Amino acid sequence: MSMTSNIKFVLTKTDNAKESMKFVEELSQIADKFLVGTLMSILTTIIFDGSHSMHEHVIEMTNIETRLKSL
């Protein structure tokens, strides 16, 4: 298998699988916190601008809420 270069440089060089998995878990928790912050920011600042229907606007907000609940 191959990894993209942006993932390779983040992972530590270790021969111990448990240490590597712990590091990956810590990184995923940081990424989850960042994603929650980003989604909350979008959800609290989103406004209806009339560029699409109100129905689509509500669906977009519901989709963001669903993504938040899944984290």
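Residues numbered from 1 in each chain as written. Predicted model: local features only at pLDDT ≥ 70, side-chain atom pairs only at ≥ 80, totals over all residues. Heavy atoms only, no water.

(A) Region of interest: the overall build of the protein chain. Within the protein chain one finds three helices and zero strands. Going from the N terminus to the C terminus, the protein chain shows its helices and strands as α-α-α. Looking at the 71 residues of the protein chain, the share that counts as buried comes to 6%. Summed over all atoms, the accessible surface of the protein chain reaches about 6100 Å², with 62% contributed by carbon and sulfur. (Helix = DSSP H or I, 4+ residues; strand = E, 2+ residues; numbered from the N terminus. Buried < 20%, exposed > 50% of the residue type's maximum accessible area, 1.4 Å probe, protein only. Areas by Shrake-Rupley, 256 points an atom, 1.4 Å probe, with all protein chains shown as cover.)

(B) Structural context of a nonpolar patch on the surface. Side chains of Val-36, Met-40 and Leu-71 sit close together on the surface and give an oily, nonpolar patch of about 230 Å² of accessible area. For Leu-71, the position within the fold is in the segment after helix 3 (54–70). (Patch = residues over 30% accessible without salt bridge, like charges linked within 9 Å, V, L, I, M, F, W, Y side chains within 5 Å. Salt bridge = Lys/Arg side-chain N within 4 Å of Asp/Glu carboxyl O.)

(C) Local environment of the packing of helix 2 (residues 17–45) against helix 3. Axis separation between helix 2 and helix 3 bottoms out at 10 Å; the angle between their running directions is 155°. Our classification of the angle between helix 2 and helix 3 gives roughly antiparallel. Considering only the axes of helix 2 and helix 3, their crossing is left-handed. Side by side, helix 2 and helix 3 meet where Leu-35, Val-36, Leu-39, Met-40, Ile-42 and Leu-43 of the first sit next to Met-61, Ile-64, Arg-67 and Leu-68 of the second. Residue classes in the contact of helix 2 with helix 3 are distributed as nine nonpolar, no polar and one charged. (Axes fitted to C-alpha atoms, helices over the stretch in contact; angles between N-to-C directions. Parallel < 35°, antiparallel > 145°, perpendicular 65-115°, else oblique. Left-handed = near helix turned anticlockwise from the far one by under 90°. Contact = heavy atoms within 4.5 Å. Nonpolar A, V, L, I, M, F, W, Y, C, P; charged D, E, K, R; others polar.)

(D) Structural context of the confidence of the model for the protein chain. The predicted model of the protein chain has a mean per-residue pLDDT of 82, with 80% of residues at 70 or higher. Ranking the elements of the protein chain by mean pLDDT puts helix 1 (residues 5–8) last, at 54, and helix 3 first, at 92. (pLDDT = per-residue confidence, 0-100.)

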